[in-house]
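# Analysis of the macromolecular model
These are the residues of each chain, in order.
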Amino acid sequence: MTERRSAFVLGGGVAGLTAAFGLADRGFRVTLLESRPTCGGRAYSTYDRVFAREVDNGFHVMLGCYRAMRSLCRRLGSEDGFQQAPRLQMGYRFGDGASTSLALSRLPVPLAMPPALLRLRIGAGARLRALFGMASVTLGAPSGWTFAEWLRRRWQRGEPADLLWRPLCLAVMNCEPEEADARMFLATLREAFFGGAASAALWVPEKTWGELIGAPAAPALMAAGVEVRTSARVASFEVRDGHVAAIHLAGKGQISTNGEDVVVSAMPWFALQRTLGDRAPAAIGRLQSAPIVTVYFDVAVGVPPPDEGPVTALVGGCPFHFLLRTPGESASRFALLSGGDRTLDGMSVAEVTASARDHVERYYPGVDLQQAVIRVRREQHATFVPDPATAGDRPSPGRLSGGPTNLFVCGDWTATGFPATLEGAARSSEQMLAAIS
Ligand SMILES: Cc1cc2nc3c(=O)[nH]c(=O)nc-3n(C[C@H](O)[C@H](O)[C@H](O)COP(=O)(O)OP(=O)(O)OC[C@H]3O[C@@H](n4cnc5c(N)ncnc54)[C@H](O)[C@@H]3O)c2cc1C
């Protein structure tokens, strides 16, 4: 009988879980090492003493076209933990309290979009330009363009940019159009907008991420034959004869490996950089982090009136861009989200809370949140900044070029053609697995 090859997956986020399942399916003897007590990576929950319930580290939304992430959720038995809308529906609120919505029919998106734009409260000229912009998505963009450049060159500035494109850019890229790589963003939009109606639909979690990933991950991995070691932080690699010969764990000894073993880093870029030290490719050091701040509200009185669907874009909103509601939860609970905005950096919790409260009161006039219970969740390294300057630098998922021969990399930050999303993370592992023979 031939001895099974060993694989060590470092990191138990979406990329690490996808990699571990994929390697186990390919017959490897897999060990997953995760530094935290539970898996889930950047999508996790913690118990909040004030709310007396589990609260996510931030609101995560998926799209119907996230096929690799959906497949992971299926494997974890949590795919039905989302409100799976059959079509795209999004509310908009303006700073003066007015509202409108974009609600597509169940026709394929290219057919559903023109009538939906007709119902959106924007001028006739802006509607025509928005339609032209939608059609232009198919053509992509030259490398090096920011999305702001694309908006300018495709006559999208003004209402189409403010209502359609900026909210989408903030939601998918976690940065403003001025920073976003146009090519990468348009690639994601093509997947969402040029399939059936369901591919553009929002998938909003009805459960916490602890329930969707954290709790089911370890039992599902173990059922697949994966050894799961949590609270195991990889400190460094020992490289000998060109391959990783040992994985050193912080305070927990080391694991010896040989050149035939596969070592997969599914850690974020900054953690891999620390682990590799001088061996880290310079490109990793050029990636910048972008924050996400989510402010959770629980109100006894003064509930903001409902919008169309659980996701509402706050048009022109700065620093908060979306108001989100968990489907099925009481209307008294909602969240405000700030993506990729630096103005909250350095603010105290009290200042962030006051800013969020003012924001809701401005977009929903008449609402008084003075009695609201408000909790802030900040993630400084939520995503990398997907700008054109670093777009060509990111290493491809697979063997790390110039690195130890048995070291493979995956994760949302690798060059999948997608920004830092759950889907980018899951697809990075699919691409990495294809490179392992
Ligand atoms: C608040 C917030 C909101 C977001 N919203 C969305 C959204 O709406 N839609 C969307 O698609 N994406 C969203 N994202 C992005 C999405 O969460 C990430 O792109 C995705 O989870 C990244 O997965 P990953 O597996 O590549 O990395 P990670 O999730 O970072 O997983 C890496 C794992 O490696 C572990 N690790 C790190 N260092 C070590 C070490 N030394 N040894 C062992 N293990 C280690 C970490 O603990 C972690 O579990 C959001 C992110 C945040 C933070």
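Residues numbered from 1 in each chain as written. Predicted model: local features only at pLDDT ≥ 70, side-chain atom pairs only at ≥ 80, totals over all residues. Heavy atoms only, no water.

### Remarks on the site of the ligand
The cut-off we apply is this: A single heavy atom is enough: if one lies within 4 Å of a molecule or strand, its residue is considered near that molecule or strand. We define a polar contact as two N or O atoms separated by no more than 3.5 Å, with the added condition that, inside protein, one atom must be a possible hydrogen donor and the other a possible acceptor, whereas residues neighbouring each other in sequence contribute only through side-chain atom pairs. Shrake-Rupley sampling with a 1.4 Å probe provides the accessible areas, and residues are treated as covered by the protein chains on show and by no other component.
Within the structure, the ligand sits among 33 residues, and Ala 15, Glu 34, Arg 42, Val 61 and Asp 412 are positioned closest to it. Backbone polar atom of Val 234 to a nitrogen atom of the ligand: 2.9 Å apart, as the coordinates give it. Residue Leu 422 places a main-chain N or O atom 2.9 Å away from an oxygen atom belonging to the ligand. Expressed as a share of its isolated accessible area of 1,000 Å², the protein-covered part of the ligand is 94%.

### Focus on unusual backbone geometry
Rules: By definition, any uninterrupted DSSP run of H or I lasting at least four residues is a helix, any uninterrupted run of E lasting at least two residues is a strand, and each is numbered from the N terminus.
A cis amide bond, omega 10°, links Cys 318 with the succeeding residue Pro 319. Along the chain, the position of Pro 319 falls in the loop between β16 (311-314) and β17 (322-324). The phi dihedral of Ser 231 is positive, around 50°, even though this residue is not glycine. Although it is not a glycine, Asp 241 sits at a positive phi angle of roughly 50°. Note that Asp 241 resides in the loop between β11 (234-240) and β12 (243-249).

### Quick look at the state of the cysteines
The criterion, for reference: A pair of cysteine sulfur atoms is labelled a disulfide when the two atoms are within 2.5 Å. Note on classification: 1.4 Å probe, protein chains only; a residue is buried when its accessible area is under 20% of the maximum for its type, exposed when over 50%, partly exposed between these limits.
Applying the stated criterion across every chain, the model contains zero disulfides. Cys 73 provides the cysteine sulfur closest to Cys 65, a residue in no disulfide bond, and the two sulfurs are 14 Å apart. Residue classification places Cys 65 among the buried residues on the basis of a relative accessible area of 10%.

### Let's talk about the side chain of Thr 31
In plain terms, the rule: Contacts between residues were defined by any pair of non-hydrogen atoms, one from each residue, lying within 4.5 Å.
By secondary structure assignment, the location of Thr 31 is in strand β2 (residues 29-33). Not counting the four nearest positions on each side in its chain, Thr 31 is found in contact with Ala 7, Phe 8, Val 9, Glu 227 and Arg 229.

### Brief notes about the sheet that holds β12
Our working rule: Any two strands are treated as partners once DSSP identifies two or more bridges connecting them. Note on method: axes are straight lines fitted to C-alpha atoms, helices fitted across the in-contact stretch only, with angles between N-to-C directions ranging 0 to 180 degrees.
With respect to topology, three strands assemble into an open sheet ordered β11-β12-β13, the strand pairing being antiparallel. Strands at the two margins of the open sheet, each flanked by one partner only, are β11 and β13 (254-256). With direction set aside, neighbouring strand axes in the sheet form an average angle of 25°. Sheet analysis places β12 next to β13, joined by three bridges and oriented antiparallel. Residue Ala 246 lies in a different strand from β13, and its bridge partner there is Ser 256.

### Notes on the domain arrangement of the protein chain
Where interface size is given, it is often the accessible area lost as the parts come together that is meant. Selection criterion: Just so you know, the domain bounds were taken from an automatic or database domain assignment. Buried area counts how much accessible surface, traced with a 1.4 Å probe, disappears from two parts once they are put together, with both parts' losses summed. The salt bridge definition used is simple: a Lys or Arg side-chain nitrogen within 4 Å of an Asp or Glu carboxyl oxygen.
Taken domain by domain, the protein chain comprises domain 1 (6-43 + 209-287 + 387-434), domain 2 (46-66 + 289-383) and domain 3 (103-197). Taking only C-alpha atoms, the centre of domain 1 and the centre of domain 3 are 34 Å apart. Every contact between the two is made by nine residues of domain 1 and, on the other side, twelve residues of domain 3. For the pairing of domain 1 and domain 3, the buried interface totals around 750 Å² over both sides, and the portion due to carbon and sulfur atoms is 64%. Summed over the three residues of domain 1 that lose the most area to domain 3, namely Pro 388, Phe 418 and Pro 419, the buried surface amounts to 55% of that side. The interface formed by domain 1 and domain 3 contains one salt bridge. Close ionic contact of Arg 427 with Glu 191 constitutes a salt bridge, the shortest N to O distance being 2.8 Å. Seen at the junction of domain 1 and domain 3, the total is one residue pair in polar contact (both at pLDDT 80 or more).

### Examining the packing of aromatic side chains
Counted only if it meets this: Each pair of aromatic rings taken from Phe, Tyr and Trp, with Trp reduced to its six-membered ring, is defined by centres within 6.5 Å and is described as stacked if the planes are under 30 degrees apart, edge-to-face if over 60, and tilted in the remaining cases. Sitting over a ring, as applied to charges here, requires NZ of Lys or CZ of Arg to be within 6 Å of the ring centre and within 35 degrees of the ring normal.
Under the defined criterion, the tally for this structure stands at ten aromatic pairs. With a centroid separation of 6.1 Å and an interplanar angle of 70°, the aromatic rings of Phe 147 and Trp 165 are classed as edge-to-face. One end of the pair, Phe 147, is in helix α5 (residues 147-153); the other, Trp 165, is in helix α6 (residues 159-173), and 18 residues separate them in sequence. Centroid distance Trp 150 to Trp 165: 5.3 Å. Interplanar angle 75°. Geometry classified as edge-to-face. Taken together, the residues span a long stretch of sequence, with Trp 150 in helix α5 and Trp 165 in helix α6 at a distance of 15 residues. The exposure classification of Trp 150 matches that of Trp 165, with both residues buried. Cluster of aromatic residues (ring-pair linked, three or more members): Phe 147, Trp 150, Trp 165 and Phe 185. The ring of Phe 51 has Arg 53 sitting right over it, with the charged end atom 4.4 Å from the ring centre.

### Quick look at the environment of Gly 91
Along the chain, Gly 91 turns up in strand β7 (residues 89-93). Overall, Gly 91 belongs to the buried group, its relative accessible area being 1%.

### As for the sheet that holds strand β15 (residues 289-298)
Read across the sheet, seven strands follow the order β8-β7-β16-β17-β18-β15-β19 without closing on themselves; strand pairing throughout is mixed. Strands at the two margins of the open sheet, each flanked by one partner only, are β8 (99-103) and β19 (373-384). Neighbour to neighbour, the strand axes of the sheet diverge by 25° on average, direction disregarded. Strand direction decides the pairing type here: β17 and strand β18 (residues 333-339), joined by three bridges, are antiparallel. Directly across from Leu 323, in β18, lies its bridge partner Leu 336. With respect to the sheet, α6 is in contact with β7, β8, β16, β17 and β18, its orientation differing from that of β7 by roughly 110°.

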